[in-house]
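Architecture at a glance
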Amino acid sequence: MLTVRLDPETEQQLADLLAHAPDSNRSELIKRLLKERWLTLYLDRPFVERRGGHPKYLLQDAPPDLSERSVRKQAIASYLKKRHS
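Criteria and cut-off values
Residues numbered from 1 in each chain as written. Predicted model: local features only at pLDDT ≥ 70, side-chain atom pairs only at ≥ 80, totals over all residues. Heavy atoms only, no water. Salt bridge = Lys/Arg side-chain N within 4 Å of Asp/Glu carboxyl O. Helix = DSSP H or I, 4+ residues; strand = E, 2+ residues; numbered from the N terminus. Buried < 20%, exposed > 50% of the residue type's maximum accessible area, 1.4 Å probe, protein only. Axes fitted to C-alpha atoms, helices over the stretch in contact; angles between N-to-C directions. Parallel < 35°, antiparallel > 145°, perpendicular 65-115°, else oblique. Contact = heavy atoms within 4.5 Å. Nonpolar A, V, L, I, M, F, W, Y, C, P; charged D, E, K, R; others polar. Polar contact = N/O pair within 3.5 Å; in protein donor to acceptor, adjacent residues only side chain to side chain. 1 Å grid on protein atoms, 1.4 Å probe; cavity = no way out; pocket = protein on both sides within 12 Å on 5 of 7 lines; lining within 4 Å. Points joined across faces, edges and corners; volume = space filled by probe spheres on them. Patch = residues over 30% accessible without salt bridge, like charges linked within 9 Å, V, L, I, M, F, W, Y side chains within 5 Å. Areas by Shrake-Rupley, 256 points an atom, 1.4 Å probe, with all protein chains shown as cover.

Moving on to the pattern of salt bridges. Close approach of charged atoms allows side chains of opposite charge to pair. Under the defined criterion, the tally for this structure stands at 1 salt bridge. Note that Glu28 and Lys31 form a salt bridge whose closest N and O atoms lie 3.7 Å from each other. Of this pair, Glu28 and Lys31 both sit in helix α2 (residues 26–43), 3 residues apart, which is roughly one turn of the helix. Judged by relative accessible area, which is 40%, Glu28 ranks as partly exposed. Residue class for Lys31 comes out exposed when judged on its relative accessible area of 53%.

In contact at an axis separation of 10 Å, helix α1 (residues 8–20) and α2 are set at 100° when each is read in the N-to-C sense. Here α1 lies roughly perpendicular to α2, going by the angle between them. For the pair formed by α1 and α2, the contact residues are Glu11, Leu14, Leu17 and Leu18 on the first element and Arg26, Leu29, Ile30 and Leu33 on the second. Of the residues assigned to the contact of α1 with α2, the class counts are 6 nonpolar, no polar and 2 charged.

A few words now on the side chain of Ser24. Following the sequence through the fold, Ser24 ends up in the loop between α1 and α2. In terms of polar contacts, Ser24 uses its side chain to reach the side chain of Arg32, at 3.1 Å. The residues contacting Ser24, other than those within four sequence positions of it, are Leu18 and Arg32.

Empty space within the largest pocket amounts to approximately 470 Å³. Looking at the largest pocket, it is lined by 15 residues, and the ones nearest its centre are Leu2, Val4, Arg26, Ile30 and Leu34. Those elements that place two or more of their residues in the lining of the largest pocket are α1 and α2. When residues in the lining of the largest pocket are grouped by element, the largest group, 6 residues, is from α2.

Glancing now at a nonpolar patch on the surface. On the surface, a cluster of nonpolar side chains totalling about 300 Å² of accessible area is made up of Leu2, Val4 and Leu6. Assignment of secondary structure puts Leu2 in the segment before α1. For Leu2, a relative accessible area of 68% puts it in the exposed group.

Just distances and angles here, no functional claims.
Dropping the structure here:
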């Protein structure tokens, strides 16, 4: 449980927000606002970082030119061929 003291201006802003979302109560509105704020902070991180970083085994035995599209395409094709044969 958390208790927050709001100044009159902020309390009025909360009341205005509640008026625009009549199906929400204060707790739900505050939870939603916190979640939205948290997501904006979280989404600023790169995708790989949000997913927990690169797997340790990902590029272990990869050729140095794997960043080139043609090499990647060939590597994926041979992996899929080996996997499905």
